[in-house]
Amino acid sequence: MAPRKVIGAVKFNEKDYQSTLDRVICFARDFNAAEAELSGGFKSAPMAVWDIARAHNIPQMVTASADGPAPLAGVLEAMEAIGTQTGDLGFCLALVAHAFGCAFPIHLATTAELRVGPLAALHTGVSIGAGAMTEECSGSDAFAMQTTATLNGDCYLLNGEKRFITNGEIADTFLVYAKTSPGCLPFCISAFLVDRKTPGLSIRSEPEKIGTRTASWVRMSLNECSVPLSSRVGSEGVGGSLFMETMRWERMALAAAQIGAMQASLDRCVAIAKSRHRFGAPLEAESANSHQIADMRVRLEAARSLLGNVADTVGKGASLQDDHVAIVKLAVSTASFENGCAEARLHGAIGVTELSGATNLLCDSMALQNAAGTLDIQRELVARGLGLTT
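Attention in this report is confined to the structure presented alongside it. Since the model is a prediction, treat every value here as computed from it, not as a measurement.

Rules used in this analysis
- Residues numbered from 1 in each chain as written.
- Predicted model: local features only at pLDDT ≥ 70, side-chain atom pairs only at ≥ 80, totals over all residues.
- Heavy atoms only, no water.
- Salt bridge = Lys/Arg side-chain N within 4 Å of Asp/Glu carboxyl O.
- Helix = DSSP H or I, 4+ residues; strand = E, 2+ residues; numbered from the N terminus.
- Buried < 20%, exposed > 50% of the residue type's maximum accessible area, 1.4 Å probe, protein only.
- Phe/Tyr/Trp six-rings, centres within 6.5 Å; stacked < 30°, edge-to-face > 60°.
- Lys NZ or Arg CZ within 6 Å of the ring centre and 35° of its normal.
- Axes fitted to C-alpha atoms, helices over the stretch in contact; angles between N-to-C directions.
- Parallel < 35°, antiparallel > 145°, perpendicular 65-115°, else oblique.
- Left-handed = near helix turned anticlockwise from the far one by under 90°.
- Contact = heavy atoms within 4.5 Å.
- Nonpolar A, V, L, I, M, F, W, Y, C, P; charged D, E, K, R; others polar.
- Core = buried A, V, L, I, M, F, W, Y, C linked by side-chain atoms within 4.5 Å.
- Polar contact = N/O pair within 3.5 Å; in protein donor to acceptor, adjacent residues only side chain to side chain.
- Disulfide = S-S within 2.5 Å.
- 1 Å grid on protein atoms, 1.4 Å probe; cavity = no way out; pocket = protein on both sides within 12 Å on 5 of 7 lines; lining within 4 Å.
- Points joined across faces, edges and corners; volume = space filled by probe spheres on them.
- Expected span 1.5 Å × (residues − 1).

### A look at the pattern of salt bridges
Then, number 1: Within this structure, the stated rule accounts for 19 salt bridges.
Then, number 2: Note that R248 and D322 form a salt bridge whose closest N and O atoms lie 2.6 Å from each other. Taken together, the residues R248 in helix α8 (residues 239-275) and D322 in helix α10 (residues 322-347) connect sequence positions 74 residues apart.
Then, number 3: With a relative accessible area of 15%, R248 lands in the buried category.
Then, number 4: One salt bridge connects E284 with K274, and the closest N-O pair in it is separated by 3.4 Å. Within this pair, whereas E284 is found in the loop between β10 (281-282) and α9 (287-315), its partner K274 is found in helix α8, the two being separated by 10 residues in sequence.
Then, number 5: Here the salt bridges share partners, and the residues they tie into one network are E80, R297, E301 and R304.

So this is what it looks like as structure tokens:
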């Protein structure tokens, strides 16, 4: 697969961007070749994609290290490039879950001991990370969780059930959120690093998804899991604030990946409109098709501009605001879904076959609308930013 040209990509430093793009192009070459050889794609061999990613130092591009987090601008450049060159939002989701669902909170809140141990392994991708927040009855209402962590001498005993854990099938390290006291939410929630081999931790499969299939997900049971005090990430009660800061970065990174995948989709549609013929003329000769593709670019560029504007404010020293990030997720998720529908329509009957790949963006976009907070939750955050009582 030839490298895709990226027109209007979010670029904050031309030299750094070219270095990022070169690395991602090499990764995508091996990624696409390996995926083509697997009969079930990477969903049948989830470790294979991580082996390729490690070989090209992809985790290091977005994952915090002992020296600090990757700059937001660099994260967005990398995620958009990966989305464009691979078109696989499942891998992008897996990478974001690793970098922000697990590694980023460690950087925010922990001691030097955890930063040079677990965080160093996550930074290089030697260890794969996953975040465990969602439960059966606490999805959007995340802080309504029932999982508990009870102090027992020099350790905590964790008990509860977690669901929809991205990377859980292959993760070495989990960041588990649990209630450490019956106090006021969210200040009764703490976060813990839990090794996969911890006695009392068990993993079970979840139903297969319709999109983002490269990112495996599982459910987790915790039965008297004993973790040392040193595995608590930050002090007791800071888990809620860690989670919210993590969500801001996660939503921005996923938005950048979706913008990249939208670019890849647009490229495919332009190529099909020029090469496929109907009634003796290429599809592009029919205004219904060319206008549909034009609308795809309008949605793409508008979404890209929104992401770039928010990232620029951070580059000038501002912090990420919930409502600004929510606007980005709303706009990008909606545009991505609409562009996915347009690509499927343009392909006609072949577009609904799995092997065509024409519904990849559509299915991935449907899945990502509920990742890192549903679209209705984003609307709540935008409304609050306007001072509305919700």
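What follows picks up the thread again.
### Some details on the packing of aromatic side chains
Then, number 1: If you walk through the whole model with that rule in mind, you get 11 aromatic pairs.
Then, number 2: Joined through ring pairs, the aromatic side chains of F27, F31, F42, W50 and F91 make up one cluster.
Then, number 3: The lysine or arginine in question, K209, covers the ring of W217, its NZ or CZ lying 5.1 Å from the ring centre.

### As for unusual backbone geometry
Among all residues except glycine, the phi angle is most often negative; among peptide bonds, the trans geometry is most common.
Then, number 1: The backbone of T212 sits at a positive phi, close to 50 degrees, despite the residue not being glycine.
Then, number 2: Here T212 lies in the loop between β6 (201-205) and β7 (217-228).
Then, number 3: What makes T212 buried here is its relative accessible area of 1%.
Then, number 4: Residue E224 is not a glycine yet carries a positive backbone phi of 55 degrees.
Then, number 5: When its relative accessible area of 46% is taken as the criterion, E224 is described as partly exposed.

### Observations concerning the packing of helix α4 (residues 72-86) against helix α5 (residues 89-109)
Then, number 1: At a minimum axis separation of 10 Å, α4 and α5 run at an interaxial angle of 155 degrees. When the axis of α4 is compared with that of α5, the two are roughly antiparallel. Note that α4 runs across α5; the crossing there is right-handed. Facing V75, M79, I82 and G83 of α4, the residues of α5 in contact are F91, C92, L95, V96 and F100.
Then, number 2: Of the residues contributing to the contact of α4 with α5, the split by class is 8 nonpolar, 1 polar and no charged.

### Notes on the nonpolar core
Then, number 1: Core analysis: the largest hydrophobic core is formed by 88 residues, its most contacted members being M79, F91 and M252.
Then, number 2: Element by element, the count of residues in this core is highest for α8, at 17 residues.
Then, number 3: Counting 18 residues, the second-largest nonpolar core is a separate cluster that includes A132, V176, A178 and L222.

### Structural notes on the side chain of Q258
Then, number 1: Here Q258 lies in helix α8.
Then, number 2: A polar side-chain atom of Q258 sits 3.5 Å from a polar atom in the side chain of S336.
Then, number 3: Look past the residues within four positions of Q258 in its chain and what remains in contact with it is L89, V332, S333, S336, S365 and L368.

### Some thoughts on the environment of I52
Then, number 1: Assignment of secondary structure puts I52 in helix α2 (residues 46-55).
Then, number 2: The spacing of I52 and F91 is 39 residues in sequence and 11 Å in space, taken between C-alpha atoms.
Then, number 3: Here I52 is in contact with F27, D30, F31, A34 and F42, once residues within four sequence places are set aside.

### What about the packing of α8 against helix α11 (residues 360-368)?
The description of two packed helices rests on the angle between their axes and on the distance between the axes.
Then, number 1: The geometry of α8 relative to α11 is characterised by a closest axis approach of 11 Å and an angle of 165 degrees between their N-to-C directions. Taken together, the axes of α8 and α11 lie roughly antiparallel to each other. In this structure, the crossing between α8 and α11 has a hand that is left-handed. Contacts between α8 and α11 involve L254, Q258, A261, M262 and S265 from the former and L361, S365 and L368 from the latter.
Then, number 2: Along the lines of polarity and charge, the residues of the contact of α8 with α11 split into 5 nonpolar, 3 polar and no charged.

### Observations regarding the state of the cysteines
Two cysteines form a disulfide when their sulfur atoms are joined by a covalent bond.
Then, number 1: Under the defined criterion, the tally for this structure stands at 0 disulfides.
Then, number 2: For C26, which is in no disulfide, the shortest distance to another cysteine sulfur is to C92 and amounts to 17 Å.
Then, number 3: No disulfide involves C341; its nearest neighbouring cysteine sulfur is the one of C363, lying 9.7 Å away.

### Examining empty space enclosed by the protein
Then, number 1: Overall, the coordinates contain 1 cavity of 30 Å³ or more when judged by the stated rule.
Then, number 2: If you add up the space inside the largest cavity, you get close to 50 Å³.
Then, number 3: Lining of the largest cavity is provided by R251, L254, A255, Q258, K329, S333, L368, A371 and A372.
Then, number 4: Elements that contribute at least two residues to the lining of the largest cavity include exactly α8 and α10.
Then, number 5: Of the residues forming the lining of the largest cavity, the biggest block, 4 residues, is contributed by α8.

### With respect to α4
Then, number 1: Taking 1.5 Å as the rise per residue, α4 with 15 residues should run 21 Å; its terminal C-alpha atoms sit 21 Å apart, in good agreement.
Then, number 2: The buried fraction of α4 is high, at 13 of 15 residues.
Then, number 3: Looking one or two residues past α4, G87 carries a phi angle of roughly 65 degrees, positive in sign.

### Comments concerning the side chain of S216
Then, number 1: The residue S216 is located in the loop between β6 and β7 in this model.
Then, number 2: In this view, S216 contacts I165, T166, N167, G168 and E169; residues no more than four positions away in its chain are not counted.

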